[in-house]
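Architecture and fold: a report
For reference, the chains in residue letters:
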Amino acid sequence: MQFRLLNVRESSLKVEKKFKKVERNDMEKTFRPRAFWTLRGLLGATALGLLATASGQAFAADPIKIGVIAEAQAIAGASIPQAAQLAAEEINAKGGVDGRMIEIVTYDNHSSSADSVRAFQRAVNEDKVHAVISSYISEVVLALMPWASRLKTPFITPGAASNEIPLGVHKDYEKNKYTFHGYLTSASLAMSVCDAAKDLLVDQKHMKTAVIMSEDAAWTKPLDIGYEECLPKIGLKVLDHIRFSPDTTDFTPIFNKIEGAKPDVIITGISHVGVQPTVQWKNQQVPIPMLGISSQATNETFGKDTNNASDGVLYQGVSGPGVAVTPKSIPFAEGFKKKYGNYPSYAGYTSYDEVYYIADAIKRAGSTDADKVVDALEKTDWEGTIGRIQFYGKDDQFTHGLKYGKGLITGLMLQWQDGKQTSVWPKEVAKGQLKFPSFVKVTAN
Amino acid sequence: MLALQILIDGFAISALYALGATGFTLIFGVSGVLNLSHGAIMVLAAVAAWAAASVLHLNTYAGALIGVATALIAAFATYFAVVQPIQRSTRIPNEEKEIFVLTGTLLWGIMIQELIAYFFTNNAKTVLPIIEGVVNILGVRTPQNEIFTAVVCCLVIALLWLLVNRTRTGKAVLAASMNPRGVTLLGLELTNIYIVVWAIYGILAGIAGVLLGMFLGVSSYSVGPLTASAFSIVVLGGLGSVSGSLIAAFVVGYLETLTAYLVSPAYRTIPALLLLVIVMYIRPQGLLGRR
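1. Digging into the overall build of chain A
Regarding its fold elements, chain A presents 15 helices and 14 strands. Counting across all 445 residues of chain A, residues that qualify as buried make up 53%. Sequence-distant contacts, at least 24 apart, represent 71% of the contacts inside chain A between residues at least 6 apart.

2. Quick word on the overall build of chain B
Of regular secondary structure, chain B possesses eleven helices and two strands. For chain B, the α and β elements follow one another from N to C terminus as α-α-α-α-β-β-α-α-α-α-α-α-α. Relative to its length of 291 residues, chain B is compact, with a C-alpha radius of gyration of 19 Å against a globular reference of 19 Å. Counting over 291 residues, chain B shows a buried share of 52%.

3. Section: the confidence of the model for chain A
Residues and elements named next belong to chain A. Of the residues in chain A, 86% have a pLDDT of 70 or more, and the chain-wide mean is 87. With pLDDT under 50 throughout, residues 1–33 is counted as low confidence; its partners more than four residues away or in other chains account for eight contacts. Under a pLDDT of 50 for its full length, residues 35–39 has, in the predicted model, two contacts with residues more than four places off or in other chains.

4. A closer look at the environment of Arg122(A)
Residue and element names in this part refer to chain A. Tracing the chain through its elements places Arg122 in helix H4 (residues 113–125). Judged by the 15 C-beta atoms lying within 10 Å of it, Arg122 is partly exposed. A sequence separation of 179 residues divides Arg122 from Thr301, and the C-alpha atoms of the two residues are 31 Å apart.

5. Some remarks on the sheet that holds strand E4 (residues 155–157) of chain A
Residue and element names in this part refer to chain A. Across the sheet, five strands lie side by side as E2-E1-E3-E4-E5; this open sheet has parallel pairing. Among the strands making up the open sheet, the edge pair consists of strand E2 (102–108) and strand E5 (179–181). For this sheet, the mean angle separating the axes of adjacent strands, direction not counted, is 20°. Where E4 and E5 come together, three bridges link them in parallel fashion. Pairing of Thr157 across the sheet is with His181, part of E5. In the packing of helix H14 (residues 346–365) onto the sheet, the strands contacted are strand E1 (64–70), E2, strand E3 (131–134) and E4, and the crossing angle to E1 comes to about 150°.

6. Re the interface of chain A and chain B
Each partner contributes residues to the interface: chain A has 24 residues there, and chain B has 24 residues. Classifying every residue of the side of chain A that touches chain B by side-chain character gives eight nonpolar, 13 polar and three charged.

7. Observations concerning the pairing of strand E10 (residues 314–317) of chain A
Every regular strand shows the same layout, with side chains that alternate between the two sheet faces. Residues and elements named next belong to chain A. The two faces of E10 match: Leu314 and Gln316 on one face and Tyr315 and Gly317 on the other face are all buried. With two bridges connecting them, strand E9 (residues 290–294) and E10 associate as parallel partners. Bridging across to E10, Gly292 finds its partner in Tyr315. For E10 and strand E13 (residues 412–417), the ladder comprises four bridges, and the chain directions are antiparallel. Bridged to Gly317 within E13 is Leu412.

8. Quick look at the packing of H4(A) against helix H5 (residues 138–150) of chain A
Residue and element names in this part refer to chain A. Closest axis-to-axis distance for the H4/H5 pair is 9 Å, and the angle between their directions is 35°. As for how H4 packs across H5, the hand of that crossing is right-handed. Contacts between H4 and H5 pair Ser113, Ser116, Val117, Phe120 and Gln121 from the former with Glu139, Val140, Ala143, Leu144 and Trp147 from the latter. Taken together, the residues of the contact of H4 with H5 break down into six nonpolar, three polar and one charged.

9. Considerations on the packing of helix H2 (residues 38–54) of chain B against helix H4 (residues 97–120) of chain B
Residue and element names in this part refer to chain B. Here H2 crosses H4 at 25°, and the two axes come no closer than 9 Å. Taken together, the axis directions place H2 and H4 in an arrangement best described as roughly parallel. In terms of crossing hand, the pair formed by H2 and H4 is left-handed. Residues Gly39, Ala40, Val43, Leu44, Val47 and Ala51 of H2 form the contact with H4, whose participating residues are Gly109, Ile112, Gln113, Ile116 and Phe120. Residue composition of the contact of H2 with H4, grouped by class: eight nonpolar, three polar and no charged.

10. Here we look at unusual backbone geometry
All names here are of chain A. Residue Pro426 follows Trp425 across a cis peptide bond; omega there is -5°. Turning to its location among the elements, Pro426 is positioned in the segment after strand E14 (420–425). Positive phi is not limited to glycine here, since Gln285 has a value of about 50°. Along the chain, Gln285 turns up in the loop between helix H11 (275–283) and E9.

11. Remarks on helix H9 (residues 220–234) of chain A
Residue and element names in this part refer to chain A. The end-to-end C-alpha distance of H9, which contains 15 residues, comes to 20 Å, matching closely the 21 Å that a straight helix rising 1.5 Å per residue would cover. Within the span of H9, buried status applies to Thr220, Pro222, Leu223, Asp224, Gly226, Tyr227 and Leu231. Here the buried face of H9 lies against helix H8 (186–203), strand E6 (209–215), strand E7 (237–244), strand E8 (265–270) and E9. Following H9 by one or two positions, Gly235 adopts a phi angle in the positive range, close to 105°.

12. Observations concerning the environment of Ala359(A)
All names here are of chain A. Along the chain, Ala359 turns up in helix H14. Judged by C-beta crowding, with 22 C-beta atoms within 10 Å, Ala359 ranks as buried. The contact partners of Ala359, leaving out residues within four places of it in the chain, are Ile64, Ile91, Val97 and Ile102.

13. Some words on the pairing of E7(A)
Residue and element names in this part refer to chain A. Pairing between E6 and E7: seven bridges, direction parallel. If you follow Glu215 over to E7, its bridge partner there is Phe244. With H9 bridging E6 and its parallel neighbour E7, the resulting β-α-β unit is right-handed.

14. Description of the confidence of the model for chain B
Residue and element names in this part refer to chain B. With 99% of its residues at a pLDDT of 70 or more, chain B has an overall mean of 91. Across chain B, the element-wise mean pLDDT spans from 85 in helix H7 (residues 180–185) up to 95 in helix H3 (residues 60–88). Interface confidence for the predicted complex, given as ipTM, is 0.86, next to a pTM of 0.82.

15. Concerning the environment of Lys205(A)
Residue and element names in this part refer to chain A. With respect to the helices and strands, the residue Lys205 is situated in the loop between H8 and E6. Judged by C-beta crowding, with 16 C-beta atoms within 10 Å, Lys205 ranks as partly exposed. Sequence spacing of Lys205 and Trp219 is 14 residues, and the spatial spacing of their C-alpha atoms is 29 Å.

16. Topic: the nonpolar core
One finds Ile66(A), Ala84(A) and Val355(A) to be the most contacted residues of the largest nonpolar core, which totals 126 residues. Ignoring any residue separated from it by four or fewer positions in sequence, one finds Val355(A) in contact with Ile66(A), Ala84(A), Ala87(A), Ala88(A) and Ile102(A). Judged by nonpolar contacts, the second largest core, of 93 residues, contains Ala15(B), Phe120(B), Val223(B) and Val235(B).

17. With respect to the sheet that holds E14(A)
All names here are of chain A. Pairing within the open sheet is mixed, and its seven strands lie in the order E7-E6-E8-E9-E10-E13-E14. Among the strands making up the open sheet, the edge pair consists of E7 and E14. Each strand of the sheet is rotated relative to its neighbour by a mean of 25°, with strand direction disregarded. Docked against the sheet, H8 engages E8, E9, E10, E13 and E14, running at close to 160° with respect to E9.

What counts, and at which threshold
Residues numbered from 1 in each chain as written. Chains lettered and ligands numbered in written order. Predicted model: local features only at pLDDT ≥ 70, side-chain atom pairs only at ≥ 80, totals over all residues. Helix = DSSP H or I, 4+ residues; strand = E, 2+ residues; numbered from the N terminus. Buried ≥ 20, exposed ≤ 12 C-beta atoms within 10 Å, placed from the backbone. Contact = placed C-beta atoms within 7 Å. Rg over C-alpha atoms; globule rule 2.2 N^0.38 Å. pLDDT = per-residue confidence, 0-100. Pairing = 2+ DSSP bridges. Axes fitted to C-alpha atoms, helices over the stretch in contact; angles between N-to-C directions. Nonpolar A, V, L, I, M, F, W, Y, C, P; charged D, E, K, R; others polar. Left-handed = near helix turned anticlockwise from the far one by under 90°. Parallel < 35°, antiparallel > 145°, perpendicular 65-115°, else oblique. Expected span 1.5 Å × (residues − 1). Right-handed = clockwise from strand over helix to strand, strands pointing away. Core = buried A, V, L, I, M, F, W, Y, C linked by C-beta atoms within 7 Å.

This is the structure:
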């Protein structure tokens with residue numbers, strides 16, 4: 001390295017001499033020493049840098065760096081860096097991973113794929129992170145996948161749902177094995193919603209019909225296919241299927257159309273929107289209950305943002321305040337609230353778990369080498385806040401997706417009741433019965 | 001039934017658009033300023049009203065008042081911190097000042113938008129309606145808040161008409177829009193008239209913002225679309241013409257509502273934009289424009 005730099009210096013001096021022969025003037029006299037000193041300075045700095053890196057490697061207590069790229073300004077995304085930080089502090093308080101501290105480096109991606117890619121490059125190339133946790137938006141995660149491969153960096157999403165993420169890993173395993181799907185796929189989410197709807201709506205309330213209402217985005221395409229498949233199986237006939245643009249602001253025509261179909265329930269698939277449809281549902285007193293995925297409703301701030309128009313909304317979650325999915329769930333939710341003032345969104349739970357099982361994988365791998373960490377992550381068997389975390393293997397079509405099912409992760413159904421999130425399904429963790437505002441008619445048509 | 005639904009919903013939306021666009025066109029008519037921070041000021045008003053109620057736990061009326069007051073302050077800040085320094089600058093050539101004002105207000109709007117996103121997240125916020133509940137109008141279940149919105153919008157626009165046509169101050173404003181030099185020759189200070197116009201603008205944008213927050217909800221993402229919709233309504237109606245903007249607001253409002261109900265909510269804004277393009281071809285000065 002140093003030799004090469006010296007050569008560069010020599011050749012540049014040669015060029016300079018040639019230049020001098022052609023044209024001599026006073027400017028050059030001052031120019032030459034300056035260039036000379038700059039080069040010397042550069043050399044010195046490089047040498048110092050090399051020294052620093054070399055000595056850095058000698059310390060075993062070098063921190064393990066995890067980059068967190070998330071939507072810091074969105075209610076679902078804001079919990080991601082916060083929860084990661086909390087997990088890191090807990091691990092560090094207990095002595096870190098074999099004496100190495102965890103350091104979280106956060107980047108706000110402004111919900112943009114382009115910003116996320118830049119942040120990913122910066123995280124790996126400049127900030128030298130060993131793994132990346134990023135985003136609840138499928139489009140962002142799909143944009144980052146090739147970068148995880150190119151820069152050979154283990155990468156986990158705490159909240160994106162598109163089936164394309166694990167399917168992509170399966171299709172080209174060698175290339176895409178660095179990506180892990182730390183949240184349920186849309187297919188699993190649809191199953192979770194249907195499982196809950198069967199117990200709560202079909203068996204308890206004798207409902208027979210539904211309309212699917214979902215935003216037009218990458219994650220809802222497989223979700224809607226899942227809904228179309230499983231709803232009839234549990235006994236809910238799908239009367240209509242409405243997909244709308246995520247930048248819709250006036251939902252009156254949509255609710256109007258849904259009411260026209262006279263369904264017993266609206267099955268939702270919303271994440272980019274949430275506050276506006278919920279408030280308009282209440283203001284217009286749409287008499288049909290809503291149940292399904294509503295990502296914004298998973299964050300405690302949703303109640304305030306909607307002035308409690310959220311009361312009655314049923315949403316799928318992987319965990320929730322006061323729900324002991326595992327012994328770790330409640331301590332985490334309470335610890336989070338104590339530190340940040342509100343309960344986390346769904347992606348907070350997953351992000352917290354991810355820091356823990358990345359640390360666990362690095363410990364088991366005995367190294368931060370990307371390929372070794374990927375191998376260790378594949379063998380993850382970690383009890384987190386959302387259940388028991390294991391990944392589907394290379395031969396499953398959802399490679400590196402979270403395993404769904406009893407004893408692993410099944411998801412919950414929660415309902416906003418009197419301004420609070422209350423779990424209503426499954427029975428083992430239910431804290432209350434279904435409760436709707438007076439304008440909602442809970443009947444079978 | 002559907003026709004009545006479209007009639008009612010379209011009216012509320014159109015009235016809101018009209019209120020939002022009136023202030024925008026007034027400023028252009030009187031001082032030649034196209035204020036591209038318009039959407040940001042509206043959103044700011046709604047978020048302030050939300051924060052007053054949700055964070056400070058004030059009642060709905062106090063929240064709404066704080067929202068309007070915030071917009072008023074923001075309007076003055078826009079004028080004194082952005083527009084006036086550019087207009088008075090001796091280093092910017094006169095013919096370039098309009099472009100500087102456009103860029104300045106655009107950047108100002110982005111700054112407000114980012115600040116809102118930073119402090120209150122980019123998620124939508126909704127202001128608690130002053131009147132809750134629904135009434136049944138010939139079978140159409142209509143939120144009372146929607147009727148309230150339409151009534152307030154019409155009332156405020158009527159008051160504005162009275163102010164401009166029946167008061168001394170209003171007549172001075174009107175005169176300034178026709179012949180600024182003439183007004184100064186009559187001994188009126190042009191800056192004072194501008195301050196009055198920006199005050200009127202702030203109040204109008206504030207009321208429109210708070211009502212929008214009650215009716216549909218706003219987020220920092222709404223800033224761009226709100227500025228764009230006010231801009232296209234004003235261009236369609238004829239730059240600087242208040243009555244043209246009112247007509248254009250109802251044309252756009254009903255066109256959007258019809259599309260949303262009869263075609264698909266996803267294509268809501270497209271026909272109105274197509275109409276704008278057509279009008280630009282056939283009648284570049286807009287429906288009632290003078291220049």
